[in-house]
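# Working through the structure, step by step
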Amino acid sequence: MAELTRDEIARYSRHLILDEVGMAGQIRLKNSAVLCVGTGGLGSPLMMYLAAAGVGRIGIVDFDVVDASNLQRQIIHGTSSIGKRKVLSARERILDINPFVEVDLYEEALDSENALRICAPYDVIVDGTDNFPTRYLVNDACVLLGKPNVYGSIFKFEGQATVFNYQGGPNYRDLYPEPPPPGLVPSCAEGGVIGVLPGIIGTIQATETLKVLLGLGTTLSGRLLLFDAINMRFRELKLRKDPETPPITRLIDYHQFCGVPRPAPDQPREEAAPMPAEGFFRLTPAQIQARRADGWAPYVLDVRGAPEAAIVRFPWADALIPHTEVAARLAEIPRDREVLVHCKLGGRSGMAAKVLADAGYQVTNMEGGITAWARDLDPSMPIY
Amino acid sequence: MNVLIHIPTALRPYVGGRPAVEVAGSTAGEALDDLTRLYPELHKHLRGEDGKLRSFVNIYLNDDDIRHLQKEQTLLKANDSLIIVPSIAGGARG
């Protein structure tokens with residue numbers, strides 16, 4: 001095992017004088033490797049603290065670039081990093097905090113083909129992703145490789161954290177055997193998240209990672225920690241192995257498992273199809289603009305929340321009804337007109353369109369929402 | 001028997017924004033049925049078309065998952081609380 005240099009001893013002195021860490025523990029950290037999947041809200045504080053603590057090698061998986069909307073919570077990135085690849089921006093910050101850390105970059109989406117190869121060299125895998133397919137993939141890869149998976153997840157003001165697959169403990173599938181169908185659970189991009197929340201959950205993940213590496217204390221294995229920031233309440237639930245959950249024997253197609261399309265950002269958008277089985281039409285912003293120019297005048301329903309409408313809205317929208325309230329407020333929506341629904345990205349309006357179609361309305365959903373409109377047609381509109 | 005059901009952030013829009021709802025029932029299943037009777041919009045989020053609890057929504061009696069107790073037949077006592085804990089995925093793209 002590599003020993004500590006004089007500079008490292010100076011740097012880690014507050015660890016070295018702790019009985020629970022000491023020289024042996026710090027050398028152990030130096031010879032440890034942690035893989036962080038995602039460099040977003042959770043990965044930011046996590047990687048910064050692991051780097052500062054002296055974890056010898058940190059692997060980073062991310063294929064995104066830094067966007068202005070990330071900076072409210074992703075504190076590893078700064079204003080000067082906007083437009084930069086996240087893995088590079090993160091590495092720069094890590095090496096500024098601690099040049100003794102080795103950083104491995106994986107600028108690719110984790111998938112069933114590469115997951116075992118990418119995870120294999122690391123002692124602990126930390127899950128800081130934002131989607132169900134990757135969460136099940138990370139879990140299954142950890143189970144197959146016998147590695148602990150330090151889990152954290154956030155939504156609005158609420159967070160969850162635990163340690164999966166550690167010393168024979170339960171894994172993600174024992175907690176949730178199956179993912180929710182797409183669209184039923186809103187994403188942070190649609191639901192929002194308070195910026196400091198991933199700071200708390202990511203720092204809890206960092207704490208648990210260091211404890212696992214050092215073999216210290218009692219981890220969250222077998223316990224699910226819930227955090228409610230708005231009422232400042234922590235709650236702890238028991239987490240057990242579920243005997244009814246089938247064993248994990250190989251990696252599968254996680255997009256298919258979660259019922260979501262594989263991400264294909266550069267594919268040309270398909271033309272809107274005639275009435276599909278779901279019972280409503282879909283049109284792109286450009287198609288809607290062209291039809292409106294031809295005199296099409298549907299009843300326009302914005303199904304976002306009021307805070308979003310305060311940021312940007314279509315002056316020609318007729319009403320604002322959050323998608324969760326559409327079913328209860330049908331009386332407010334005229335039955336003698338076609339209805340055009342939109343939200344931020346098209347997901348929530350798709351749910352509202354289904355509700356309206358089931359109730360007998362003729363409905364069109366705006367593909368890509370007001371964000372696509374602002375991006376494709378009107379650069380004067382803000383994107384949030 | 002009246003018990004308190006704690007509602008997670010993701011489902012609060014369907015119960016008028018309330019963090020907890022008081023319901024009546026002598027088992028976990030009855031309490032959940034009372035909740036969806038009060039707030040019908042919540043039904044499809046808790047149960048599938050077959051009427052079974054959805055596998056990405058866990059129900060805890062105090063700190064224990066009812067899957068490891070008597071499931072929906074789990075008996076409730078005074079001052080018990082039920083907690084709905086849904087699957088959430090937020091973090092970062094990976």
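### Quick look at helix H12 (residues 285-293) of chain A
All names here are of chain A. When H12 is considered as a whole, its buried residues turn out to be Pro 285, Gln 287 and Ile 288. One side of H12 holds all its buried residues, which, seen down the axis, span an arc of 160°. Trailing H12 by a residue or two, Gly 295 shows a phi angle of about 105°, which is positive.

### Structural notes on the interface of chain A and chain B
Across the boundary between the two partners, chain A contributes 57 residues, which contact 33 residues of chain B. Together, the buried faces of chain A and chain B total about 3700 Å²; carbon and sulfur atoms form 53% of this surface. The interface formed by chain A and chain B holds seven salt bridges in total. For Lys 71 of chain B, the salt bridge goes to Glu 244 of chain A, with nearest N and O atoms at 3.0 Å.

### Section: the environment of Leu 110 of chain A
All names here are of chain A. Within the element layout of this structure, Leu 110 appears in the loop between strand E3 (102-106) and helix H6 (115-119). Taking relative accessible area as the criterion, Leu 110 reaches 6% and is therefore assigned buried. Along the backbone, Leu 110 and Val 61 are 49 residues apart, and their C-alpha atoms lie at a distance of 7.2 Å.

### Some thoughts on the packing of helix H4 (residues 43-53) of chain A against helix H5 (residues 86-97) of chain A
All names here are of chain A. One way to put it is that H4 packs onto H5 with a least axis distance of 9 Å and a crossing angle of 30°. The angle between H4 and H5 places the two elements in the roughly parallel class. You can see that H4 and H5 cross each other, and the crossing is right-handed. Facing Met 47, Met 48, Ala 51 and Ala 52 of H4, the residues of H5 in contact are Ala 90, Arg 93, Ile 94 and Ile 97. A class-by-class count of the residues in the contact of H4 with H5 yields seven nonpolar, no polar and one charged.

### Let's talk about the packing of helix H3 (residues 22-30) of chain A against helix H10 (residues 197-214) of chain A
Two numbers describe a pair of packed helices, the interaxial angle and the distance between the axes. Residues and elements named next belong to chain A. In the contact formed by H3 and H10, the axes pass within 9 Å of each other and the chain directions differ by 110°. Between H3 and H10, the crossing angle belongs to the class labelled roughly perpendicular. Of the residues in H10, those touching H3 at Gly 25, Arg 28 and Leu 29 are Leu 210, Leu 213 and Leu 214. When grouped by side-chain class, the residues that make up the contact of H3 with H10 number four nonpolar, one polar and one charged.

### Quick word on the sheet that holds strand E3 (residues 57-61) of chain B
Residue and element names in this part refer to chain B. The five strands lie next to each other as E2-E1-E5-E3-E4, forming an open sheet whose pairing is mixed. Both edges of this open sheet fall to strand E2 (20-24) and strand E4 (64-65), since each of them pairs with a single strand only. Pairing of E3 with strand E5 (residues 81-86) involves five bridges; the strand directions are antiparallel. For Ile 59, the partnering residue across the bridge sits in E5 and is Ile 84. Helix H1 (residues 28-38) rests against strand E1 (2-6), E2, E3 and E5 of the sheet, and its axis sits at about 115° to E2.

### Examining the sheet that holds strand E4 (residues 124-127) of chain A
All names here are of chain A. With mixed pairing, the eight strands of this open sheet are ordered in space as E3-E2-E1-E4-E5-E6-E7-E8. Across the chains shown, the open sheet's two edge strands, defined by having one partner strand only, are E3 and strand E8 (233-238). Here the average twist between neighbouring strands, direction ignored, is 15°. Summarising the sheet, E4 and strand E5 (residues 149-155) pair through three bridges and their orientation is parallel. Each residue of the ladder has a partner; that of Asp 127, found in E5, is Tyr 151. Where H5 meets the sheet, it contacts strand E2 (57-61) and E3, and its direction lies at approximately 175° from that of E3. Contacting strand E1 (33-37), E4, E5 and strand E6 (158-164), helix H7 (residues 132-145) crosses the sheet at an angle of about 165° to E5.

### Quick word on H4 of chain A
Since the α-helix turns once every 3.6 residues, residues separated by three or four places project in the same direction. Residues and elements named next belong to chain A. The element H4 is largely enclosed, with a buried count of nine among its 11 residues. By the burial criterion, the buried members of H4 are Gly 43, Ser 44, Pro 45, Leu 46, Met 47, Met 48, Leu 50, Ala 51 and Ala 53. Where H4 ends, the next residue or the one after it, Gly 54, has phi of about 95°, a positive value.

### A few points about the confidence of the model for chain A
Across chain A, pLDDT averages 92, with 94% of residues at or above 70. Taken as a whole, residues 265-274 of chain A scores under 50 in pLDDT and shows 10 contacts with residues more than four places along the chain or in a different chain.

### Notes on the pairing of E4 of chain A
Residue and element names in this part refer to chain A. With burial as the criterion, each face of E4 is covered, one bearing Val 124 and Val 126 and the other bearing Ile 125 and Asp 127. Judged from the four bridges that link them, E1 and E4 form a sheet pairing that is parallel. If you follow Val 37 over to E4, its bridge partner there is Asp 127. Between E4 and its parallel partner E5, the chain crosses via H7, and the hand of that crossover is right-handed.

The rules behind the values
- Residues numbered from 1 in each chain as written.
- Chains lettered and ligands numbered in written order.
- Predicted model: local features only at pLDDT ≥ 70, side-chain atom pairs only at ≥ 80, totals over all residues.
- Heavy atoms only, no water.
- Buried < 20%, exposed > 50% of the residue type's maximum accessible area, 1.4 Å probe, protein only.
- Helix = DSSP H or I, 4+ residues; strand = E, 2+ residues; numbered from the N terminus.
- Arc of directions from axis to C-beta.
- Contact = heavy atoms within 4.5 Å.
- Buried area = accessible area lost by both parts, 1.4 Å probe.
- Salt bridge = Lys/Arg side-chain N within 4 Å of Asp/Glu carboxyl O.
- Axes fitted to C-alpha atoms, helices over the stretch in contact; angles between N-to-C directions.
- Parallel < 35°, antiparallel > 145°, perpendicular 65-115°, else oblique.
- Left-handed = near helix turned anticlockwise from the far one by under 90°.
- Nonpolar A, V, L, I, M, F, W, Y, C, P; charged D, E, K, R; others polar.
- Pairing = 2+ DSSP bridges.
- pLDDT = per-residue confidence, 0-100.
- Right-handed = clockwise from strand over helix to strand, strands pointing away.

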